[in-house]
Amino acid sequence: MNRLRTLLTSYLARRLGMSLVTMVLVSIAVFLGVRAMPGDTAQALAGEQTSPEVLVSIRQEYGLDDNIAVQYWRYVSHAATGDLGTSARTGLPVLDAIREALPITLELAALALLLAVVVGIGAGVLAAVRKGKPSEWLANGIALLGMSVPSFWLGIILVLAFAIATPVFAASGFVPFGTDPLENLRRLVLPAIVLGSGLAAVVMRQTRAAMLDSLSADYTRTARAKGLTRRQVIGGHALRNSLVTVVTVLGLQLGQLISGAVVTEQVFVLPGFGKLTIDAVFTRDYAMVQGVVLFTSAAYILVNLLVDFLYSVVDPRIRLGGAR
């Protein structure tokens, strides 16, 4: 028991250390990337028409004349305390804007992820179990369609079909769940379908491939020889061993989910994290761009860390092997 606890502690420490190093590298890339953007930062903060004296004052106030290493250290030290700067467009703290927009994107992403997991895994298992039958061809065709259709085009078609021609769902806007749960779902169902369709297609294809390998493995044949039912063989052995691949895909596809949210929120006019990012880029709000990119990177690293932990839950051999 003590040895298992030691191995688990070592495993978690290694993963946390790797995540910390990655976060430091990301902060450097974000800091340098924002400063490599074309244009004068002081000019963007002051506006297009201003005097040289004002520009000098802004550079002194924000420390833009300091050495690049000094600027980076000041940026990191402030970010570590939760200070991501002030938006040049609104004059409000960047962290407050993120806190306001993030719950909308998180709810949308959660609905899209739920759709992807339920539809993707279900269709993948069905396609693997019924290999060579019409149900497999149908699942493969739908998956190919989901991966091929652009999200903005699918969003427009869904709005025309289910918000204008048949007004079942709302075409735009957002209502908080606490204010009106039904109206909240009416406004998020279509964006969730658009955002989750591509991910569901990827999950379906990977689940099908992993299930086919598991169904032909020796442990599956042994389970059948022991007299286990078909449901027990598929759910308790083949699917469980296929979940490592599915979890990996879900972790890697998080970046696509975040980038897809940017397009989806623009199509459905949702005031979420994606729209906040687009507005910051268009208005050259450098502090906001820097803040949202750093926050997104941190979220991505955190999710991949959680995926590593899920590996050890799905397959304990990975935990022990990774800690060795």
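Here's a quick rundown of the structure.

1. Digging into the nonpolar core
Move 1: Of all hydrophobic cores here, the largest spans 31 residues; its most connected members are Leu108, Leu195, Val203, Met211, Leu257 and Phe268.
Move 2: Among the elements of the structure, α5 (94-129), α7 (151-165), α8 (181-215), α10 (230-252) and α11 (254-267) are those that each provide at least two residues to this core.
Move 3: When near neighbours in sequence (up to four residues on either side) are disregarded, valine 203 contacts Ala116, Gly120, Ile121, Val246, Val249 and Leu250.
Move 4: Of all hydrophobic cores here, the second largest spans 23 residues; its members include Tyr72, Leu95, Ile98 and Leu102.

2. Description of the pattern of salt bridges
Move 1: Counted under the stated rule, the structure contains four salt bridges.
Move 2: A salt bridge links glutamate 183 to arginine 187, with the shortest nitrogen-to-oxygen separation between them at 2.9 Å. Separated by four residues within a single helix, glutamate 183 and arginine 187 lie in helix α8, roughly one turn from each other.
Move 3: Owing to a relative accessible area of 18%, glutamate 183 belongs among the buried residues under this scheme.
Move 4: Among the ionic pairs, aspartate 279 bridges to lysine 275, the shortest N-O distance being 3.2 Å. On the criterion of helical spacing, the pair formed by aspartate 279 and lysine 275 is a turn pair, its members being four residues apart in helix α12 (residues 273-282).

3. Focus: helix α6 (residues 134-148)
Helical geometry note: an α-helix holds 3.6 residues per turn, so side chains three or four residues apart project in the same direction.
Move 1: Compared with an ideal rise of 1.5 Å per residue, which puts 15 residues at 21 Å, α6 spans 21 Å between its outermost C-alpha atoms and is within 8% of the ideal.
Move 2: Among the residues of α6, those classed as buried are Ser135, Glu136, Ala139, Asn140, Ala143 and Gly146. Projected down its long axis, α6 carries its buried residues within an arc of 130°, all on one side. In α6, the exposed residues that point more than 90 degrees away from the buried face are Pro134, Trp137, Leu138, Leu144, Leu145 and Ser148.
Move 3: In the core, the buried residues of α6 are packed alongside α5 and α8.

4. As for a nonpolar patch on the surface
Move 1: A cluster of nonpolar residues, Leu20, Val21, Val24, Leu25, Ile28, Leu32 and Ile68, forms a patch on the protein surface that exposes about 630 Å² of accessible area.
Move 2: The element contributing the most residues to the nonpolar patch is helix α1 (residues 2-35), with six residues.
Move 3: If you trace the backbone, isoleucine 68 turns up in helix α4 (residues 68-80).
Move 4: Accessibility expressed as a relative area gives 44% for isoleucine 68, which makes it partly exposed.

5. Notes on a positive patch on the surface
Move 1: Together, Arg130, Lys133, Arg224 and Arg230 line one region of the surface with positive charge.
Move 2: Tracing the chain through its elements places lysine 133 in the loop between α5 and α6.

Rules used throughout
Residues numbered from 1 in each chain as written. Predicted model: local features only at pLDDT ≥ 70, side-chain atom pairs only at ≥ 80, totals over all residues. Heavy atoms only, no water. Core = buried A, V, L, I, M, F, W, Y, C linked by side-chain atoms within 4.5 Å. Buried < 20%, exposed > 50% of the residue type's maximum accessible area, 1.4 Å probe, protein only. Helix = DSSP H or I, 4+ residues; strand = E, 2+ residues; numbered from the N terminus. Contact = heavy atoms within 4.5 Å. Salt bridge = Lys/Arg side-chain N within 4 Å of Asp/Glu carboxyl O. Expected span 1.5 Å × (residues − 1). Arc of directions from axis to C-beta. Patch = residues over 30% accessible without salt bridge, like charges linked within 9 Å, V, L, I, M, F, W, Y side chains within 5 Å. Areas by Shrake-Rupley, 256 points an atom, 1.4 Å probe, with all protein chains shown as cover. Lys, Arg positive; Asp, Glu negative; His and termini not counted. Charge placed at Lys NZ, Arg CZ, Asp CG, Glu CD.

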